[in-house]
Structure formats: structure tokens, C-alpha cells
Amino acid sequence: MTTAPVILDRAAIDAMIGVIEGRGHRVVGPVVRSGAVVLGDLSSTADLPVGISDEQTPGRYRLTARDDEALFGYVVGPSSAKPFLHATGVPVWQGERTADGSFATRKPEAPTPVAFIGIRPCDLAAIGIQDKVFLNGYRDGVYGDRREGVFSVVVNCVEPGGTCFCTSMGTGPRASKGYDIAVTEVIDDEEHWFLAEPGSDAGQEVLAQLGAAPASDDERVRVENLLVDAADRMGRGLDTEGLPEAIKASMESPRWDEIAKRCMACANCTLVCPTCFCATVEDETDLAGLEAQRVRRWDSCFNEEFSYIHGGSLRPSTYARYRQWLTHKLSTWVDQFGEMGCVGCGRCITWCPVGIDITVEAAALAAAAKEATHV
Amino acid sequence: MQTIPESTQIDPMAPVPCKVTAQWDVTEDTFGLRLAAPAGYSFQPGQFNMLYQFGVGEVAISISGDPAYPESLVHTIRGVGAVTKSLRNLRAGDVVGMRGPFGNSWPVEQAVGHDVVLVAGGIGLAPLRPALLHVLNNRNDYGRVVLLYGTRTPRDILFQQELQEWRGRFDMDVLVAVDAAGRDWHGSVGVVTKLIGRAPFDPHNAVAMVCGPEIMMRFTGRELVTRGIQPSMVYLSMERNMKCAVGFCGHCQFGSAFVCKNGPVFTYDDIGDLLDIREV
Ligand code: SF4
Ligand code: SF4
Ligand code: FES
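Computed from a predicted structure; not experimentally measured. (Residues numbered from 1 in each chain as written. Chains lettered and ligands numbered in written order. Predicted model: local features only at pLDDT ≥ 70, side-chain atom pairs only at ≥ 80, totals over all residues. Heavy atoms only, no water.)

Observations regarding the sheet that holds strand S11 (residues 192-198) of chain A
Residues and elements named next belong to chain A. Read across the open sheet, the eight strands follow the order S3-S2-S8-S9-S10-S11-S1-S12; overall the sheet is mixed. Strand pairing shows two members of the sheet lacking a second neighbour, strand S3 (36-41) and strand S12 (213-214), which therefore form its edges. Here strand S10 (residues 181-187) runs beside S11; their pairing, made up of seven bridges, is antiparallel. Among the inter-strand pairings, Ala-182 is bridged to a residue of S11, identified as Glu-197. (Pairing = 2+ DSSP bridges. Helix = DSSP H or I, 4+ residues; strand = E, 2+ residues; numbered from the N terminus.)

Have a look at this one:
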């Protein structure tokens, strides 16, 4: 496999989409829907949010117009790869009554494998995190069937978003692994081109079909500088050093109560989070009681029934639910899967209706824990 | 392109149909359900199954049968929710869905050579029964054997007949306490922790296995440690909401643990601190 980067123009990106589709993928990428950039079906670059950017601050998201024709001039919106791989509202299995009074189950059919065009490095890292949840030991059928055969064209971020902190989490602004092709977009008054690097044999095969010219040293350096610059411009940060331990030591911190005064337990943060995996199941039958299926839906630790056992919810208070969420993301996830359950995408900050900021809350907890051990 | 080897194992989420071989009442709200286990099925004391009533739903139920006879798969179930109430209507010959066994187990191997102290609260006696049966099946491997059992009223006592038999044995001690009783009850009244001081065992050579409501386990764990058992020798079986039993749904988390796969059995050493914190 050669890994030499090549230079593409917009027409070549269109050709690439065609080649990938021809390999049997459902092509999915950023599109504008209801005032936000989400991932949806894509057939050409014309479907992309061309010339669009976004403004993101805690509790606020807004699309803006750019003064150029950039294809990828925005960052992540509310949707990630999660709805496509850890799909919600789909059957885990289906079954039917048999003549002898018993029943039989069958596996639902696997959908066409998705190709993500323009997925961001943080979201690619989030797929890696969910792989550890669903394909470690037991294999989850819903996830595994969708994950297998995924093709990813990651787009590195040259302009970090307002709530991003991927640099702190080691997931961006440049993807380091897990992609088939990595693209960086370069645009200014004079030029508009893309540097594309293969990350797998399949990615190499696709790029080879485009007949693109290899990147010059100058072009490679330009991209390198853009990405270093993007990392430097990251507006938010999270000091992860000693954080898992500090949060564990904060179980009885008064800070949780203080957060609970603001948090509405709406579960938005868990729904937009690309790594949150909690789900519930619903068992359904047809009216005759002959056909049944178990449908899985996303659930959230912010829902009161989430921790229900006979006798009531184990976490009736909002403080306990926020504590469960943040502690899981930044502390206990490390014990469970060897890394944090956060990629620094900033979605939970942007989409929280009251603008609660995980980086601020974690830092406050860590500072208080540090102080407590120093007295 | 990502390729993931297709696992050879059967889908852990799909229930397997099992014939009901018996259903009987245990107490007013509790019943027994015996299934013919699938070929090759075996379990460890303390493990649980997911029982599925066609189209109605699924629920985690600990196995309460004798691990020496895994083909006769006994569950003791409180009919308090929609699914468990529906399971109560099953009769011999009906079919129910089952997947399992899941979870870790009571330390019956590590307990060899030690005194064994079982402390049960309410329905918590059901998951302890396989451990006790294993110990009694291999009675010479263990030191003193004590069962402390607390429940609400004399009418809520599980396994009445068996308890009588256990009480009658010279090689084990059985102490029962109820929260409330009429004049016809001649046993202890009060919480099960009160029985710990009276129980004959050597704390320095004992292994305790505890199952009951969380608050009962918090106080029981503390009391057993106060009496001198090592915190690492006190085992507790936790209850959490469970939807998947294999670490996918997130519901059962307790601190860093997925109760379904890292538990349900934990040592007091590992979880004693968490038990003292509210709403974990
Ligand atoms: S916790 Fe927030 S910042 Fe971290 S991955 Fe989830 S949504 Fe993104
Ligand atoms: S932190 Fe914000 S988004 Fe998350 S549940 Fe609370 S109010 Fe909703
Ligand atoms: S029961 Fe689903 S993760 Fe434990």
C-alpha cells in the first residue's frame, strides 16, 4: 500500500463519491436539515453544505454564510455516526410463534454498509470507542452488522468549532487512525484543493481510480501548518491529567447539587454524544400475538426510569444522574474500556439548552478535589 | 475498510425457547418456575438468567436451583412487575424464552476450608440457595455453615419446608428474623443484622455471602466486618436494572462495574465505600 497523498479538486471529490457508491455503499455525509448540519444521504458535492459555516457556543448553534465555496467549512452538528451504527428503533431480533406452541427467533437483515464522507476526526474516534463497547467479548448484532464494511473519508479540521476540545482528548483536529481516506481542505482567494491520504488498502484503491496528481512538498507543508494552527486555535481544553481519580474522589462534592440547579435532565447531551451507548429495549407483538420483536432504542442515564428496580428509581435526583453521566464519561469509562468516553466534540455543550459545559464542570470538580487533598 | 470477524457464538441477545416443567406458589407474591434447560447448559451458584415472555418482555432472574442438577433450572420469582406477573401464569408444558447464564458467581471454591456465613434478606435467599446447596452437597469441604435470614413477616418466608430440614441438621445453624409478626411467631423479630452477633462462626476463618436489599447489604457488610471478617471475604450480590445482561445497555452500572458482567457478586472491599454514597 502506498500512502503518498494526492491532490484532488471538487470534481475529483465528486468522482470519489461515485467510486465509493459503486463499491456498494450507502453514501452519507454532511447536509443541511432544519437549520443544522447533520449526516444524511449524499450523491454529490452539491448536496454538501457548500459555503456554510457554523457558530457554536454553550447552548447555542447557528449556521452562517461563508464568503467562499468551501465544502467542509463547518464542524460537527447534532448528529454523528451513532445513528447509523448504534441505530435506534431497530429490531435486535424478530420471532414468531411456532405450531408446537414454542417460538423461533431470527436475525434481522443487515443494511447496506455506509460510507461516511466528511466524517470528522472526533467522530471517527467515537466509532473506535463504541467498537470497544459492542465488539469486545460479546458481539452486538445491531452494531456489528452496521459497522462491518463501513468506509470512512475523514475530513481533518482546519477551523475548530466554538465548543471543540478534541486536542485535549487526543482525537483531532487531525485523524490519526481508523479512516480509509483522510482529506484536508485548503481554500483561499486564489486556490481551492484537497489533500487526500489513503489510510487503508480500500482507500488506496479508491484514490487510485481518480487519477490524481501526487501532492508536492509545498502542498504537504501547507496542510501540515494549517492543522498545527487549528490545534493552537482550539478555544476549549480539558486537563485530563489525574482527572479520572479526581472525579472519583468528588462523589460527594457539593458541585453536583449546584449543577443540578441548572440541569433540566432533558437528556440532550446523551443523545447528541457520539459515544453514549445506553439503550433500552421494547418487546412488541402483533395483535394476534404470533409475531414478536425486540426493538432497541437509545436511553439516557438522565431518565428517571433508567435506574428503576422494583421499589423505585435508584437515582431519583438530578444531581445523581448528572454525576453518573459525567463520572462515566471521564472516569469510570477508563476502568471499563481503557480510555475516556469523551472525544471532545463539544456537542453536549452546544446542545445543552442551559449551556452546561462539561469542560468547566470537570475542571471545577478537579480543582476542588485537588484543594481537598492539600488541606 | 473495517472488517470484524463474525463471532461464532450464538447471538447473546436472542432468547432460546425452554419448556416449563413446573410452576408453584412459594408465598403469596412469590412463585417457583422450573424449566427444562437446553442441552449442555450449566451454571454457577449466584448467576442469573434473562427470562422472556413472548411479546411481553424480559426480566433478569437469579437461578435458585441446585447447580448439581442444571438441567432442572429453578427460578424463584416475585410477581411484582408486568413481566413477572405474566410469568406466574405459565404452567407445565408452556414455553418461555431464556438466555443465560450471565454474571459471576458466589465464591464457593474459595470458601473451601472456611466457615460459610450466608446472610439473606427477603427474596435474596433465592440467589443464595444454589450456594448453600453446593456447600451441603460437599459438606466435608467446609467448616461451620450458618444461614441468617431476615424477611418481612412469617408468611413471607421462602422455602419453608427446606428451612425446616436445614434447621434440623446438626451440621448447620439457621437463624431467622422477621420485621413484624403476630403472637404465634416464636422466632426473632428485628433486622437480620441483629442475628450476626449470635451466629456461631470464626470470623478470622469465615467467608460471608450476602444478598438482599441494598440498605440491608450496607449494614450487614459493615456488621460482618465489625465482627472481624476480612472485607475481602465478604461477598455481596448487587441488584440493578438490567436490559441486556452483556454490557451493552448501560443500565446496570454501579461505579466502574457493569453489574451484569463484572457482578452481580462483589466484595465488600470493592464496593463498601460506594454503598455508603446515596443514589449511585
Ligand atoms: S461528552 Fe460531550 S464533548 Fe465528549 S464526546 Fe460526548 S458530546 Fe462530545
Ligand atoms: S447537562 Fe444539559 S443537555 Fe444534559 S441533561 Fe442536563 S440540561 Fe440536558
Ligand atoms: S444489563 Fe445491560 S449493561 Fe448490564
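Considerations on the nonpolar core
Counting residues in hydrophobic clusters, the biggest one holds 83 residues, and the most contacted among them are Phe116(A), Leu148(B) and Leu224(B). A total of seven residues in this core trace back to one element, the largest contributor, which is helix H3 (residues 121-134) of chain A. With residues up to four places along the chain from it excluded, the contact list for Leu148(B) reads Val117(B), Leu118(B), Val119(B), Ala120(B), Leu175(B), Val192(B), Leu195(B), Ile196(B) and Ala199(B). By size, the runner-up hydrophobic cluster in this structure holds 33 residues, among which are Leu125(B), Leu136(B), Tyr142(B) and Tyr149(B). (Core = buried A, V, L, I, M, F, W, Y, C linked by side-chain atoms within 4.5 Å. Buried < 20%, exposed > 50% of the residue type's maximum accessible area, 1.4 Å probe, protein only. Contact = heavy atoms within 4.5 Å.)

Points about the interface of chain B and chain A
Each partner contributes to the interface: chain B provides 45 residues, whereas chain A provides 64 residues. Counting the surface lost from both chain B and chain A, the interface buries some 4,600 Å², and carbon and sulfur atoms represent 55% of this. Our count for the contact surface shared by chain B and chain A stands at one salt bridge. Arg294(A) is paired through a salt bridge with Glu58(B); the nearest N and O atoms lie 3.0 Å apart. Summed over the shared surface of chain B and chain A, the result is 17 residue pairs in polar contact (both at pLDDT 80 or more). For the side of chain B that touches chain A, the elements supplying multiple residues, two or more each, are strand S1 (16-25), strand S4 (57-62) and strand S6 (95-102) of chain B. Here the side of chain B that touches chain A is composed, by residue class, of 22 nonpolar, 13 polar and 10 charged. (Buried area = accessible area lost by both parts, 1.4 Å probe. Salt bridge = Lys/Arg side-chain N within 4 Å of Asp/Glu carboxyl O. Polar contact = N/O pair within 3.5 Å; in protein donor to acceptor, adjacent residues only side chain to side chain. Nonpolar A, V, L, I, M, F, W, Y, C, P; charged D, E, K, R; others polar.)

Description of the side chain of Gln53(B)
Secondary-structure assignment places Gln53(B) in strand S3 (residues 48-53). The contact partners of Gln53(B), leaving out residues within four places of it in the chain, are Ser86(B), Leu87(B), Leu90(B), Val95(B) and Val96(B).

Some details on the domain arrangement of chain B
How big an interface is tends to be stated in terms of the accessible area lost upon association of its parts. All names here are of chain B. By domain assignment, chain B separates into domain 1 (16-102) and domain 2 (115-275). Listed per partner, the contact involves 23 residues of domain 1 and 22 residues of domain 2. Summed over the shared surface of domain 1 and domain 2, the result is two salt bridges. The closest approach of N and O atoms between Arg-152 and Asp-29, which form a salt bridge, is 3.4 Å. (Domains from an automatic or database assignment.)

Let's talk about the side chain of Ser79(A)
Relative to the elements of secondary structure, Ser79(A) occurs in the loop between strand S5 (60-65) and helix H2 (82-85). The residues touching Ser79(A), leaving out its near neighbours within four places in the chain, are Val38(A), Leu39(A), Asp123(A) and Arg347(A).

Here we look at the pairing of S3(B)
All names here are of chain B. Extensive coverage of S3 is indicated by the burial of six of its six residues. Burial along S3 is two-sided: the residues Phe-48, Met-50 and Tyr-52 and Asn-49, Leu-51 and Gln-53 are all buried. In this sheet, S4 lies alongside S3 in antiparallel orientation, the contact comprising six bridges. Within S4, the residue paired with Phe-48 across the bridge is Ser-62. Note that S3 and S6 share four bridges and pair antiparallel. Residue pairing in the sheet places Met-50 in a bridge with Arg-99 of S6.

Focus on the site of ligand 1
Residues and elements named next belong to chain A. In the vicinity of ligand 1, 13 residues are found, and the nearest of them are Cys-273, Cys-342, Cys-345, Gly-346 and Cys-348. Elements supplying a minimum of two residues to the shell around ligand 1: helix H11 (318-337) and helix H12 (347-350). Class assignment of the residues belonging to the shell around ligand 1 gives a composition of nine nonpolar, two polar and two charged. (Near = heavy atom within 4 Å.)

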